[in-house]
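Examining the three-dimensional arrangement
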Amino acid sequence: MLGAAFLTLEIREFAAMIAAGAGPQRSAFLSAFFALVGCHGLHVGIGLIWLVVMMAQVAAKGFAATVERRLLCFSLFWHALDIIWVGLFTVVYLMGVSP
């Protein structure tokens, strides 16, 4: 649910920025912003689809050895996204704010 909420907020943020004239064509920073945050959002979307597939596999096959291995791979993917987002959030959102 948090991943879906993140994607919803990201889409709203992108739409508001573009409506305000701050689209990716305006500056190099905005191009990088849309590329980095959009790429992360794409990976979150892929992860959500993967999560639904894994839930279906567990429901159908239980915790067989192959399903457990796939769940382990999925958890590594999701935690890698968490680590990457901490770095992106720090650089894009926190370091971009000047006192």
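Our subject is the structure listed above.
A brief report on the enclosed structure follows.

Conventions and cut-offs
- Residues numbered from 1 in each chain as written.
- Predicted model: local features only at pLDDT ≥ 70, side-chain atom pairs only at ≥ 80, totals over all residues.
- Heavy atoms only, no water.
- 1 Å grid on protein atoms, 1.4 Å probe; cavity = no way out; pocket = protein on both sides within 12 Å on 5 of 7 lines; lining within 4 Å.
- Points joined across faces, edges and corners; volume = space filled by probe spheres on them.
- Helix = DSSP H or I, 4+ residues; strand = E, 2+ residues; numbered from the N terminus.
- Nonpolar A, V, L, I, M, F, W, Y, C, P; charged D, E, K, R; others polar.
- Core = buried A, V, L, I, M, F, W, Y, C linked by side-chain atoms within 4.5 Å.
- Buried < 20%, exposed > 50% of the residue type's maximum accessible area, 1.4 Å probe, protein only.
- Contact = heavy atoms within 4.5 Å.
- Expected span 1.5 Å × (residues − 1).
- Phe/Tyr/Trp six-rings, centres within 6.5 Å; stacked < 30°, edge-to-face > 60°.

Taken as a whole, the largest pocket spans an internal volume of roughly 170 Å³. Contributing to the lining of the largest pocket are L2, G3, F6, H40, V44, W78, L81, D82 and W85. When residues of the lining of the largest pocket are traced back to their parent elements, those giving at least two are helix 1 (2-19), helix 2 (28-61) and helix 3 (65-94). Of the residues contributing to the lining of the largest pocket, the split by class is six nonpolar, two polar and one charged.

Grouped together as the largest cluster of nonpolar side chains are eight residues: F14, M17, A22, L30, F33, F34, V37 and V92. Counting only elements with at least two residues in this core, the list comes to helix 1 and helix 2. Top contributing element to this core by residue count: helix 2, with four residues. Residues within four places of L30 in sequence aside, it is in contact with M17, A22, G23 and P24.

Moving on: helix 2. With 34 residues, helix 2 ought to run about 50 Å at 1.5 Å a step, and its terminal C-alpha atoms sit 48 Å apart, in line with that. Taken residue by residue, helix 2 has L30, F33, F34, V37, H40, G41, V44, G47, L48, M54 and Q57 as its buried positions. Where the residues of helix 2 are buried, they touch helix 1 and helix 3. In the stretch just after helix 2, G62 is the one whose phi turns positive, near 75°.

Right, let's get into the environment of F14. Within the fold, F14 resides in helix 1. Along the backbone, F14 and F34 are 20 residues apart, and their C-alpha atoms lie at a distance of 7.8 Å.

With that settled, consider the packing of aromatic side chains. Within this structure, the stated rule accounts for nine aromatic pairs. Summarising the aromatic geometry, the rings of F14 and F34 are spaced 4.6 Å apart at their centres and angled 45° between planes, so their arrangement reads as tilted. In this pair, F14 is assigned in helix 1 and F34 in helix 2, connecting sequence segments 20 residues apart. Ring geometry for W50 and F77: centres 5.3 Å apart, planes at 50°, overall tilted. Placement of the pair is W50 in helix 2 and F77 in helix 3, with a sequence separation of 27 residues. By relative accessible area, which is 27% here, W50 ends up partly exposed. Each residue in the set F14, F29, F33 and F34 is aromatic and connected to the rest through ring pairs, giving one cluster.

What is shown is where atoms sit, not what they do.
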